[in-house]
Amino acid sequence: MPLNFNKAEFVRSAGEPKDFLRDGLPQFAFAGRSNVGKSSVINRLVGRKNLAYVGASPGKTTHINYFLIDQKAYLVDLPGYGYAKVSRSEKERWARLMETYFQREADAITTGVLIVDIRHKPTANDLVMHDWFRQTGCPEIVVANKLDKLKKSQVEPALELIRETLELTEEDIQAAEAAARDYYAGTVFTVEGMEYLPRGSHPFAEGECNFTVTVRKDGAAQEDRLIQLDRTETGWTVVNEGY
């Protein structure tokens, strides 16, 4: 489904189940612990600084927030979990809201996006969220955020720990790649006059995606190429080619 990520708008904030959106459009549900950088990931994805709230203190997303993309799909920002400095009653409210969303809206979730901190082993709450996504039966994409905080030599061991902790199989990884392919299907990335049409893709880090692409210029396909694109405020830039 082609999506123009520049056409993004906030639609609704649901603090109670009666406010959930059910209009038949696909929903991509984003989940993660409260200081994992979930809002930043959403903002980078759509190339905006403040579409989703970004604050110095975690735990600011207390409702389920819906963002409409290109009038065709929703990015659903779920409340961050695991933040200690809120009242017990507020934690319980968040938990009830999340549980109800997954119980009532399971058939509306097209893809689950679980954001984890690459620097740390996934938490018990991450495992619960991972299990909830699996129970819905929807494809799940696991995004390892805060990659810039690690040395290059630390990246692969950290990713392997995430795969082991979440018990991700090769089948899971292939399913995530397929979900990402569908997510970006039909999207045309224009970089310095060259058009990149993704044929296969998977999220790599905050704001970055790896693509196998068909490079096209002046409407004519030129070659297939493996590249890494970075989503910035002004558009897409090529980070690496043929890596």
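Look above for the structure.
Residues numbered from 1 in each chain as written. Predicted model: local features only at pLDDT ≥ 70, side-chain atom pairs only at ≥ 80, totals over all residues. Heavy atoms only, no water.

**Quick word on helix 3 (residues 124-136)**
Because an α-helix completes one turn every 3.6 residues, residues spaced three or four positions apart along the sequence face the same direction.
Next, step 1: Compared with the 18 Å implied by 1.5 Å per residue over 13 residues, the 19 Å span of helix 3 between its first and last C-alpha is a close match.
Next, step 2: By the burial criterion, the buried members of helix 3 are Asp126, Met129, His130, Phe133 and Thr136. Along the axis of helix 3, the buried positions cluster into a sector of 120°, meaning they face one direction only. The exposed residues of helix 3 that point more than 90 degrees off its buried face are Ala124 and Gln135.
Next, step 3: Buried residues along helix 3 sit against strand 2 (27-32), helix 2 (88-104), strand 5 (109-117) and strand 6 (140-145).
Next, step 4: Residue Gly137 follows helix 3 closely and has a positive phi angle near 85°. (Helix = DSSP H or I, 4+ residues; strand = E, 2+ residues; numbered from the N terminus. Expected span 1.5 Å × (residues − 1). Buried < 20%, exposed > 50% of the residue type's maximum accessible area, 1.4 Å probe, protein only. Arc of directions from axis to C-beta. Contact = heavy atoms within 4.5 Å.)

**A short note on the sheet that holds strand 2**
Next, step 1: If you walk across this open sheet you meet the six strands as 1-3-4-2-5-6, and the pairing is mixed. Each of the sheet's edge strands pairs with one partner strand only, and the pair in question is strand 1 (8-14) and strand 6. Within this sheet the neighbouring strands show an average axis-to-axis angle of 25°, counted without direction. (Pairing = 2+ DSSP bridges. Axes fitted to C-alpha atoms, helices over the stretch in contact; angles between N-to-C directions.)

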